[in-house]
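# A closer look at the structure
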Amino acid sequence: MSKVYKKVELVGSSAESLEDAIKVALARARKTLRNMDWFEVKEIRGSLTDGYVNTYQVTLLVGFRLEEE
């Protein structure tokens, strides 16, 4: 059986950690996307305040299976 996927780009952010930024993005995506099967981290960045990490930001590509016609 063949499968077709679509990828969407999401950006999650968190003051806690990179992992939390990923979880935030995927939690939000679950509200509107079905059949999510994988993700890849495309970019990692963050913001600083007085030289200390303030916010982590992760850009993800999320793959989800398109439903059969």
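To keep things clear, this report deals only with the structure shown in the data block. (Residues numbered from 1 in each chain as written. Predicted model: local features only at pLDDT ≥ 70, side-chain atom pairs only at ≥ 80, totals over all residues. Heavy atoms only, no water.)

### Let's talk about the sheet that holds strand 3 (residues 52-65)
Sheet architecture is open: 3 strands sit in the order 1-3-2, paired in antiparallel fashion. Since the sheet does not close on itself, it has two edges, and those belong to strand 1 (5-14) and strand 2 (36-49), each with one partner. Direction aside, neighbouring strands of the sheet carry axes that sit 15° apart on average. Here strand 2 runs beside strand 3; their pairing, made up of 12 bridges, is antiparallel. In the sheet register, Val-41 faces strand 3, and the bridge partner there is Leu-60. (Pairing = 2+ DSSP bridges. Helix = DSSP H or I, 4+ residues; strand = E, 2+ residues; numbered from the N terminus. Axes fitted to C-alpha atoms, helices over the stretch in contact; angles between N-to-C directions.)

### Considerations on the side chain of Ser-14
Here Ser-14 is to be found in strand 1. At 2.6 Å, the side chain of Ser-14 forms a polar contact with the side chain of Asp-20. Leaving out residues up to four positions away in the same chain, Ser-14 has contacts with Asp-20, Ala-21, Thr-55 and Tyr-56. (Polar contact = N/O pair within 3.5 Å; in protein donor to acceptor, adjacent residues only side chain to side chain. Contact = heavy atoms within 4.5 Å.)

### Some remarks on helix 1 (residues 18-30)
Each full turn of the α-helix corresponds to 3.6 residues, which orients residues three or four apart in the same direction. Given a rise of 1.5 Å per residue, 13 residues ought to cover 18 Å, and the 19 Å separating the end C-alpha atoms of helix 1 matches this to within 8%. Where helix 1 is concerned, the buried positions are Ala-21, Ile-22, Ala-25, Leu-26 and Ala-29. Taken around the axis of helix 1, the buried residues stretch over an arc of 125°, which confines them to a single face. What points out from helix 1, more than 90 degrees from its buried face, is the exposed set Glu-19 and Arg-30. On its buried face, helix 1 is in contact with strand 1, strand 2 and strand 3. At the N-terminal end of helix 1, a side-chain oxygen is found 3.0 Å from the backbone nitrogen of Asp-20, two or three residues along, and the residue is Ser-17. (Expected span 1.5 Å × (residues − 1). Buried < 20%, exposed > 50% of the residue type's maximum accessible area, 1.4 Å probe, protein only. Arc of directions from axis to C-beta.)

### Side note on the environment of Glu-40
Within the secondary structure, Glu-40 sits in strand 2. C-alpha separation for the pair Glu-40 and Leu-60, spaced 20 residues apart in sequence, amounts to 5.6 Å. Here Glu-40 is in contact with Thr-59, Leu-60 and Leu-61, once residues within four sequence places are set aside.

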